[in-house]
Amino acid sequence: MTHNDVVVGVDGTLSSTRALDWAAGEAIRRGAELRLVCAASDRDEAVPLLGAAVARVHERHPGLPVRTVAAEGGAVRALARESADAALTVVGTRGMGRTAGLLLGSVSVRLSRRVRGPLLVVRGDHPCDKGREVVLGLEDDTDERAAVYAFEEARRRGAHLRVLHSWSHRHITPALPPLMPTEGRRRDPATSYERVEEAVLRFALAALRERYADVTVEAVTVRTGAPEALLESTREAGLVVVGSHHRTSAVAPHHAQVAPVLLRRAHCPVVVVPAA
């Protein structure tokens, strides 16, 4: 095994077939081997599904190296285990097969909390290449791995990168007018915070802009909630990249919600990158 493999979950459903096709394209783009994983209550149930998936890949991409893994038990556990030495793990959004319910319900969300490397969930039904931009949802400095992934993905695709940074978690009390006239203008706290947030965004991206000088980047600080801003961006994007945050707090409760919201509602494929 190598850390360059692209892993994909298959269960014979239309959703997993789309994921298989996407994963094959990713493997070709990276010069990687494709590893097909099928989880079932009995390994014998996985064999024909894996065989059909291999045949599809060989028919469409004759030179692509393929390996198969028939796993007993749940899909989340199997894919999380296989993701440990993979460059990328790819799944669909829902499954209807009898093989351990590969992607039924919230499996992709649960997998996003356990995956060991980048997870790509194939969503949406519009063409996701053809010059469409890559969108990065940047929350804070713990998203460094997600940012690196987004820059590399934009370079691989020759695509424009748009970075959205939300600071709506800051609750600012509007300044009241002074009771007595004062000299000079009172600084608006909202304006001050906005300038600080924009400076933080520029600083966070400075090193990556230099490292990936061939990638065109547009960075935007938005004052709407992060999930809402990112959801809107997925209508035209080819791919959206976010970091995974497994924390919740009174200060920034939305941090734990961005990835799950996108995994359930995005209009394009979503990549979730675990924090270091």
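Residues numbered from 1 in each chain as written. Predicted model: local features only at pLDDT ≥ 70, side-chain atom pairs only at ≥ 80, totals over all residues. Heavy atoms only, no water.

Topic: the pattern of salt bridges
Consideration 1: Following the criterion strictly, the structure yields 18 salt bridges and no others.
Consideration 2: In this structure, aspartate 21 engages arginine 56 in a salt bridge whose closest nitrogen and oxygen atoms are separated by 2.7 Å. You can see aspartate 21 sitting in helix α1 (residues 14-30) and its partner arginine 56 sitting in helix α2 (residues 43-60), a full 35 residues away along the chain.
Consideration 3: Across the pair arginine 235 and glutamate 232 runs a salt bridge, and its minimum N-O distance is 3.3 Å.
Consideration 4: What makes arginine 235 partly exposed here is its relative accessible area of 43%.
Consideration 5: Salt bridges sharing common partners tie together Asp5, Glu33, Arg35, Arg67, Glu82 and Asp85. (Salt bridge = Lys/Arg side-chain N within 4 Å of Asp/Glu carboxyl O. Helix = DSSP H or I, 4+ residues; strand = E, 2+ residues; numbered from the N terminus. Buried < 20%, exposed > 50% of the residue type's maximum accessible area, 1.4 Å probe, protein only.)

What about the nonpolar core?
Consideration 1: Judged by nonpolar contacts, the single largest core of 46 residues is most densely connected at Val8, Leu34, Val90, Leu136, Leu161 and Val241.
Consideration 2: Top element by residues in this core is helix α5 (residues 144-157). It accounts for seven residues.
Consideration 3: Once you skip the residues sitting within four places of it in the chain, leucine 136 turns out to touch Ala146, Ala147, Ala150, Leu161, Arg162, Val163, Leu164, Leu230 and Val241.
Consideration 4: The next biggest cluster of nonpolar side chains, apart from the first, holds 36 residues, and it includes Ala78, Val109, Val121 and Leu230. (Core = buried A, V, L, I, M, F, W, Y, C linked by side-chain atoms within 4.5 Å. Contact = heavy atoms within 4.5 Å.)

Quick notes on the side chain of histidine 165
Consideration 1: Along the chain, the position of histidine 165 falls in strand β7 (residues 161-166).
Consideration 2: Engagement of the side chain of histidine 165 in a polar contact is seen with the backbone oxygen of leucine 138, the distance being 2.9 Å. (Polar contact = N/O pair within 3.5 Å; in protein donor to acceptor, adjacent residues only side chain to side chain.)

Some thoughts on the sheet that holds strand β10 (residues 270-274)
Consideration 1: Pairing within the open sheet is mixed, and its ten strands lie in the order β3-β2-β1-β4-β5-β10-β9-β6-β7-β8. At either end of the open sheet lies a strand with only one pairing partner, and these are β3 (66-72) and β8 (217-222). Direction aside, neighbouring strands of the sheet carry axes that sit 20° apart on average.
Consideration 2: Here strand β1 (residues 5-9) pairs with strand β2 (residues 34-40) via four bridges, running parallel. Counterpart to glycine 9 in the pairing with β2 is valine 37.
Consideration 3: Across the sheet, α5 lies against β4 (86-91), β6 (134-138), β7, β8, β9 (239-244) and β10, angled at about 170° from β6, the strand it touches most. (Pairing = 2+ DSSP bridges. Axes fitted to C-alpha atoms, helices over the stretch in contact; angles between N-to-C directions.)

Here's the deal with the packing of α1 against α5
Consideration 1: At their nearest, the axes of α1 and α5 sit 11 Å apart, and the two run at 85° to each other. As the angle between them shows, α1 and α5 are arranged roughly perpendicular. Here Trp22, Glu26, Arg29 and Arg30 of α1 lie close against α5, whose contacting residues are Tyr149, Glu153, Arg156 and Arg157.
Consideration 2: In terms of residue class, the contact of α1 with α5 is built from two nonpolar, no polar and six charged. (Parallel < 35°, antiparallel > 145°, perpendicular 65-115°, else oblique. Nonpolar A, V, L, I, M, F, W, Y, C, P; charged D, E, K, R; others polar.)

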